[in-house]
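# Summary of the model geometry
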Amino acid sequence: MPGTLGHMDDDPDDTAAVLARKRTELEAELARLTEPPGDQGSISFGKRVGEGTSQAVDRLSAVSAHRKLMQVLADVQRAQAKLDEGSYGECDTCGRDIGAGRLEVRPWASSCVSCAAQR
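As a starting point, this report considers the structure included with it.

About the thresholds
- Residues numbered from 1 in each chain as written.
- Predicted model: local features only at pLDDT ≥ 70, side-chain atom pairs only at ≥ 80, totals over all residues.
- Heavy atoms only, no water.
- Helix = DSSP H or I, 4+ residues; strand = E, 2+ residues; numbered from the N terminus.
- Areas by Shrake-Rupley, 256 points an atom, 1.4 Å probe, with all protein chains shown as cover.
- Salt bridge = Lys/Arg side-chain N within 4 Å of Asp/Glu carboxyl O.
- Buried < 20%, exposed > 50% of the residue type's maximum accessible area, 1.4 Å probe, protein only.
- Expected span 1.5 Å × (residues − 1).
- Arc of directions from axis to C-beta.

We now examine the overall build of the protein chain. Each helix and strand in the protein chain was counted, giving four helices and zero strands. In the protein chain, the succession of α and β elements from N to C terminus is α-α-α-α. Total accessible area computed for the protein chain in this model is approximately 8000 Å², and 53% of it derives from carbon and sulfur atoms.

A separate point is the pattern of salt bridges. The full count for this structure, using the stated rule, is six salt bridges. As a salt-bridge pair, aspartate 92 and lysine 82 come within 2.7 Å of each other at their nearest N and O atoms. With aspartate 92 in the loop between helix H2 (51-85) and helix H3 (100-105) and lysine 82 in helix H2, this pair connects stretches of sequence that are 10 residues apart. Relative accessible area serves as the criterion here: at 1%, lysine 82 is assigned to the buried category.

Here we take up helix H1 (residues 12-33). For H1, with 22 residues, the first-to-last C-alpha span of 31 Å sits near the 32 Å given by 1.5 Å per residue. Every buried residue of H1 is listed here: Thr15, Val18, Leu19, Lys22, Leu26, Leu30 and Leu33. Along the axis of H1, the buried residues cluster in a sector spanning 105°; they form a single face. Seen from the open side of H1, the exposed residues pointing more than 90 degrees away from its buried face are Asp13 and Thr24.

Right, here's the structure in full:
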């Protein structure tokens, strides 16, 4: 979400606050996605796109979004742990510096651009 993270400085307190806000946002979005669906009515699937098909597509989209949010949440939690242990900014894979530019855009990055590209 561009614009919501604010400016990243070398201040660990600022970084911790940014990560905490992101974690709260992700947890709220995940809670929203896992709420039971409202009235489902009678769902039927046939040859035509109807209410049931639309609901099924919505649920598939929600599952995909949930997986992505869970991955970002895990990344945020890892960044918070790295901040606590003093290794924030180091690549988990190669140990090199992640780079201020990457951390500015993605404060929860745990790997450098090079290692991230190899995933």
